[in-house]
Amino acid sequence: MSTETTDILIIGAGAYGLSAAWWIGERDTGARVMVLDAGDFAANGTGSCGAGVRMQWGLELSIGLMTESIAFFEDAEKRLDFPGGIEFKQEGYMMLARDADMLGDFQANVERQNALGVPSRILSPEEALKMVPELNPDLLVGAAFCPKDGTVSPFLWLDALLRAIRRAGAEVRFGTTVTRLEQKGGTIVAQTTKGPVEAAKVLVCTDWAAPQLLAPLGIDLPIEAMPNEAMVTEPWQPVFGPCLVRIEHGLFINQLPRGSIVAVVTRELPKDESSSNHADWLPLGAGLFVETLPAFAHLNIVRNWCHPVSITPDMQPILGEMAVPGLFLAVSAYKGFMTSPAVGRLMADVVLDGRSNHPALAAFNLKRFETGDLIPEPLVI
Amino acid sequence: MNKTGKIGRRLGGRTGEPFTFIFDDSTIEAWPGESVAAALLAAGQVVLRIAEDGGARGVVCGIGLCWECRCVIDGRPNVRACMTEARAGMRVRRQQGLE
Amino acid sequence: MTAPRIVVVGAGPAGIMAAREAKRRGAAVTLIDEALRPGGQIYRQGDAALASSGVGLPEELAHKRTVLEAFAEVAEAAEAVDYHSGATAYAVFPGPQLHVALADSSRVFEADALILATGVGERAVPFPGWTLPGVLYAGGVQAIMKAHGVRAGDRVAVVGAGPLIIAVAAQLAEAGAEIACVTLLTPLRVMARRPLGLWAGRGVVREGMAYLRQLRRAGAPVLEGWVPVHAEGAPAVESLCVARHDGAGRPLMGSERRFDVDMVAMNFGFTANSELARMAGAEVRFDSVRGGWVPVRNEFGATAVPGVFVAGDGAALRGAFVAAAEGRIVGAAAVLTAGGKGTAELHQELAAEFTERRSHQAFQDALRPTLDLPSGVWSWATDDTVVCRCEGITQGRLRQAVDEGHVTVNGIKRNTRAGMGWCGGRTCLASVAALAAQGQAGPPAETPPMRPRPLARPVPAGILARREP
Ligand SMILES: Cc1cc2nc3c(=O)[nH]c(=O)nc-3n(C[C@H](O)[C@H](O)[C@H](O)COP(=O)(O)OP(=O)(O)OC[C@H]3O[C@@H](n4cnc5c(N)ncnc54)[C@H](O)[C@@H]3O)c2cc1C
Ligand SMILES: Cc1cc2nc3c(=O)[nH]c(=O)nc-3n(C[C@H](O)[C@H](O)[C@H](O)COP(=O)(O)OP(=O)(O)OC[C@H]3O[C@@H](n4cnc5c(N)ncnc54)[C@H](O)[C@@H]3O)c2cc1C
Ligand code: FES
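Every chain is numbered independently, its residues counted from 1 as its sequence is written. Chain letters start at A and ligand numbers start at 1, both assigned in the order the entries are written. With pLDDT at 70 or above as the cut-off, local features in this predicted model cover only qualifying residues; side-chain atom pairs require 80 or more to be listed or tallied, and sums for whole chains, interfaces and linings still use all residues. Working from all heavy atoms in the structure, the side-chain values ignore hydrogens and water.

Draft legend 1. Layout of the sheet that holds strand S10 (residues 95–96) of chain B. Pairing is mixed in the open sheet, where three strands are placed in the order S6-S5-S10 (chain B). Bordering the open sheet on either side are strand S6 (56–57) and S10 of chain B, each of which pairs with just one other strand. Pairing between strands requires that DSSP locate at least two bridges from one strand to the other. The secondary structure listing takes helices from DSSP runs of H or I that are at least 4 residues long and strands from runs of E that are at least 2 residues long, numbered from the N terminus.

In structure tokens, the structure reads:
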């Protein structure tokens, strides 16, 4: 098969890959961009996610990424020229405290966040109930709340990016799997199921599937996959405002603007790249859902799905250029949807210029796992 | 009461007493064993719902699979009229878009 | 040896016969059906209070009695079959284990063999006006007559493909409706290409002729080679325009006829309820006439997934007689396989059932061409026709997705939300698949759909939350 060429090859058309492609186009350098994806549209982590975006983190770097990303989501309809918008419902994230101790921790988090510019605050049970009247009052001790947080439609986000980058001239192909990366002189050749593609620069955005592409090049990535599961209800109006979190259960609940309610329960499971549902999940997920929002026990659950998320030792992203010249990586560690606007921008800079002054790039490098400079999230989450 | 023969759109016999329920502003007669959808169809009421796009909708599959016959029954939206047995005094309302 | 645990989903002819056969062979049998009463689609029963005389002709009603007697046998036996009505099977997991929603809790049934006898649902082809109130599926109209003793309209057009159209039109006429017109995509005489098959199904053919005579007596025009063009009315259907088609399913302009109606009954074949089998991991093959993506099985109904069997129309549309005969084969094979018997022994033991199934199958092969849909039918919908009813997605939006390069069913689905609603895509995904095929510019639906996710049917959160131990 004859080899195709491009200037920049991006592997993976999830939130990270498409956002990076868009920002590369924004820089208007004339570089030819090709994006390849093994699946079809949104058949990935992004299309399976809980759709939550929040700046309630404890690490300044994460808050920085999210402040930038949320500002972008606010403007996405215009910037991506996507009439109708991406269904950004910006009505906050409410983290429910289980007991007084946890509320005390939340108080400390809020002070820290406020110092970093995050407008979070503590809610009394009454305030929480006013925002979400269906909440189980017995669970309420208090909550942390940030009004800038919310939810964006992953499908519309991907579609907005996809259309914009295609308009800008990028070539995006679905149903094309990259089977191997090879160094060839100063370039990299990607062997794919549809023939080889040669590029000066390759950006790998395949989330938990990255190790298998990089290992043959001698790059050992401390990335594993862990299944994560979710369900969605039939639509129900009116829509309550904030996303709800019960940290101790790994529970995240999010009512989409159309009215469907998504619930994710994240639990510690054996590392596994499978996306098979678990037989014990629905009673767990539905049980926590009903306990949290008893008034919604009658809502029909229409779908239950499972998809792996990427796990790193400190649960922070890995971003930047690899030991192979021209080879770049962006893997999110389970927050790739919400951080994609900012990470796309900084990855575009690194790929085009070889550097970026974004502090996240310096911190979230691969070397930290050798030097032991892990960056744990300081929040009690 | 026992009835045999056709009564309007009703085929064959009925046993038991007819009763009524409310559908929007109308009173609908029903017989034991009929679904809400069947009683409404027998009464010539075919519009069960107004979809989000403003279009009227009614019964389609009759067996609980398509969810087109969703209406508000005793205050609860998204209830399938074809899968709900009619009961005396029930309040059924046309669903307006997503409720 | 303890009795093998056989769990059957579906109390239609296939499931009932399978349950009886397994029971007779000493298995502990559980029978699950979401309907309130046994019988399945064709032998649907109404509430006793309706005392309805039975919709259908003598041969059909006789077979119905046989099937319901078989049910009575196992339901009333000592150590009766564990029958759950109003119970929805929503997921299958390895084991096999079946997850079922009961009245107010959910329960897991562990099985040595799981027999899926879930039947079919109706297939629709969208055309402008098909979402108007008063436009129903023909089988649904029949179901409302059978289960609730009500005819859904007074002046009716019955449109579609295949023999169900004739049956429903005649049953409506019998029920006192005026039949404005009957249209068939393909003339029924195409069946004559398989005289042996017709002979094998002579009982059913005789019934079909009786139905046609009934329609003729009622003065109903039966238009063969005609298709619906559009339905109109506000807020409900008031008229239907039909036209002759060009052989590929496209209406020939100039040939239209308009009928004033208050109901349209439509049926363009069936889609197998194969989602549980596919969820279990069964391989699928595509059969455009027999239900779309259907599970691959051996002659005993066993899929390649250990302990998972499929029987009846849910495996491929072949009607109630095949379903009943096959139910017996699969019910027996499930028990015998659990007891370690080999295929040679099975063949010997089930020879009579195999012969019976083959004979009914021959008639079904003769029916096949009446249900073949030419590709032109998928062009009936115009850009503003709503195709996915649950999410309100139009043909125009779907076409846009295809134009933008989304040419797989799942890609189109995620791009547009079509198929993501309550019905799980039952209503629209055949249309989406047809559009995807046009986009691929290849033969229809070559790529198998993704393995379906739970839930096979929507289930309230409260019921899922209460799982019985
Ligand atoms: C249930 C669940 C809930 C979640 N909730 C949230 C949330 O609320 N907020 C949030 O921010 N994050 C959430 N996440 C995490 C989030 O989904 C991921 O972090 C994010 O989608 C990753 O984006 P990505 O672009 O890196 O990867 P993906 O979106 O997974 O895209 C990777 C792409 O790479 C392609 N690919 C892989 N290998 C190859 C190959 N060899 N050749 C070609 N293509 C290849 C895949 O087909 C895929 O399309 C959730 C995840 C799950 C599963
Ligand atoms: C509406 C309709 C009308 C029909 N009318 C005719 C007709 O007049 N003449 C004719 O020859 N054929 C007709 N057919 C085709 C007919 O259904 C079959 O030929 C015959 O009934 C097949 O028998 P079966 O046992 O395979 O499936 P069915 O009789 O369909 O039985 C399947 C059973 O499984 C149950 N079920 C399915 N999924 C689940 C689940 N997830 N959980 C619990 N229970 C489940 C259903 O409630 C049903 O009772 C009709 C089909 C339909 C859909
Ligand atoms: S008419 Fe289809 S679900 Fe009621």
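We are not done yet, so read on.
Draft legend 2. Structural view of the interface of chain C and chain B. Whether two residues touch is decided by their heavy atoms; if any such pair falls within 4.5 Å, the residues are in contact. Taken together, the contacts link 43 residues of chain C with 36 residues of chain B. Both sides of the chain C and chain B interface together cover about 3,200 Å² of buried area, and 61% of this is carbon and sulfur. In terms of surface lost to chain B, no three residues of chain C exceed C:His148, C:Arg389 and C:Trp422, which account for 19% of the buried area on that side. Definition used for salt bridges: Asp or Glu carboxyl oxygen within 4 Å of a side-chain nitrogen of Lys or Arg. On inspection of chain C and its partner chain B, the count reaches three salt bridges. In this structure, C:Asp262 and B:Arg9 form a salt bridge, with 3.2 Å as the shortest nitrogen-oxygen distance. Pairs of N or O atoms within 3.5 Å make up the polar contacts considered here, provided that, within protein, one atom can donate a hydrogen while the other can accept it, and that residues adjacent in sequence are counted only when both atoms are side-chain atoms. Inspection of the region where chain C meets chain B yields 12 residue pairs in polar contact (both at pLDDT 80 or more). When residues of the side of chain C that touches chain B are traced back to their parent elements, those giving at least two are strand S9 (135–137) and helix H3 (138–148) of chain C. The element that contributes the greatest number of residues to the side of chain C that touches chain B is H3(C), accounting for six residues. Once two parts are joined, some of their accessible surface, as seen by a 1.4 Å probe, is lost; buried area is that loss totalled over both.

Draft legend 3. Summary view of the sheet that holds strand S4 (residues 93–96) of chain A. Pairing is mixed across the open sheet formed by nine strands, whose spatial order is S5(A)-S6(A)-S4(A)-S13(A)-S14(A)-S15(A)-S12(A)-S16(A)-S23(C). At either margin of the open sheet sits one strand with a lone partner, and together these are strand S5 (121–123) of chain A together with strand S23 (459–460) of chain C. Of the strand pairs in this sheet, strand S12 (residues 224–233) of chain A and strand S15 (residues 261–265) of chain A are connected by four bridges, and their pairing is antiparallel. Looking at S15(A), one finds that A:Glu229 is bridged to A:Val265. Helix axes are fitted to C-alpha atoms over the stretch in contact, other axes to C-alpha atoms as well, and angles between N-to-C directions run from 0 to 180 degrees. Along the sheet face, helix H3 (residues 100–115) of chain A touches S4, S5 and strand S6 (143–146) of chain A and points at about 150° away from the line of S5(A).

Draft legend 4. Broad picture of empty space enclosed by the protein. Buriedness for pockets is judged along seven lines, at least five of which must meet protein on both sides within 12 Å for an open set on the 1 Å grid over protein atoms alone, while cavities are sets there where a 1.4 Å probe fits but cannot get out, and lining residues have an atom within 4 Å of a point. Grid points are joined across faces, edges and corners, and a volume is the space filled by probe spheres set on the points. Going through the model one piece at a time under the given rule, you end up with three cavities of 30 Å³ or more. Here the largest cavity is characterised by a volume of approximately 110 Å³. Around the largest cavity, the lining residues are B:Cys61, B:Ile63, B:Leu65, B:Cys66, C:Gly121, C:Glu122, C:Tyr137, C:Thr271, C:Asn273, C:Arg426 and C:Thr427.

Draft legend 5. Layout of helix H12 (residues 409–416) of chain C. Exposure classes here rest on a 1.4 Å probe applied to the protein chains alone. A residue is buried below 20% of its type maximum, exposed above 50%, and partly exposed in between. The buried fraction of H12(C) is high, at seven of eight residues. What H12(C) keeps buried is the set C:Asn410, C:Gly411, C:Ile412, C:Lys413, C:Arg414, C:Asn415 and C:Thr416. Turning to H12(C), the residues buried within the fold contact helix H5 (154–167) of chain A together with strand S22 (393–394), helix H11 (395–403) and helix H13 (429–440) of chain C. Looking one or two residues beyond H12(C), the residue adopting positive phi is C:Arg417, at roughly 80°.

Draft legend 6. Just the domain arrangement of chain C, in detail. Residues and elements named next belong to chain C. Where each domain starts and ends comes from a domain assignment, either automatic or drawn from a database. Here the domain parsing of chain C yields domain 1 (5–121 + 271–349), domain 2 (124–268) and domain 3 (381–436). Its C-alpha centre places domain 2 at a distance of 26 Å from the equivalent point of domain 3. Across the domain 2 to domain 3 interface the summed buried area is about 640 Å²; carbon plus sulfur atoms make up 55%. Applying the counting criterion to the domain 2 and domain 3 interface returns zero salt bridges. Scanning the region where domain 2 abuts domain 3 turns up two residue pairs in polar contact (both at pLDDT 80 or more). Gly falls in the polar group here, along with every residue not listed as nonpolar (Ala, Val, Leu, Ile, Met, Phe, Trp, Tyr, Cys, Pro) or charged (Asp, Glu, Lys, Arg). Broken down by class, the residue content of the side of domain 2 that touches domain 3 amounts to six nonpolar, one polar and no charged.

Draft legend 7. Region of interest: the nonpolar core. B:Phe21, B:Val36, C:Leu172 and C:Leu240 are the most contacted members of the largest nonpolar core, which has 103 residues in total. Per-element accounting of this core gives the leading share, nine residues, to helix H4 (residues 164–174) of chain C. If you count residues domain by domain, this core takes at least three from each of domain 1 (5–121 + 271–349) and domain 2 (124–268) of chain C. Setting aside chain neighbours within four positions, we find B:Val36 in contact with B:Phe21, B:Ile73, B:Ala81, B:Thr84, B:Glu85, B:Ala86, B:Met90 and B:Val92. Only buried Ala, Val, Leu, Ile, Met, Phe, Trp, Tyr and Cys residues count toward a nonpolar core, and they belong to the same one when joined by side-chain atoms within 4.5 Å.

Draft legend 8. A look at the site of ligand 1. All names here are of chain A. For each residue, the test is whether any non-hydrogen atom lies within 4 Å of the molecule or strand; if one does, the residue is near. Asp37, Gly45, Thr46, Val178 and Met338 are the nearest of the 33 residues found near ligand 1. Here Ala38 contributes a backbone N or O atom positioned 3.0 Å from a nitrogen atom of ligand 1. In the model, an oxygen atom of ligand 1 is placed 2.8 Å from a nitrogen or oxygen of the Gly45 main chain. The set of elements that each furnish at least two residues to the shell around ligand 1 consists of helix H1 (15–26) and strand S16 (300–311). When grouped by side-chain class, the residues that make up the shell around ligand 1 number 14 nonpolar, 16 polar and three charged. Inspection of the shell around ligand 1 shows a minimum of three residues originating in each of domain 1 (4–48 + 155–223 + 314–371) and domain 2 (89–151 + 224–310).

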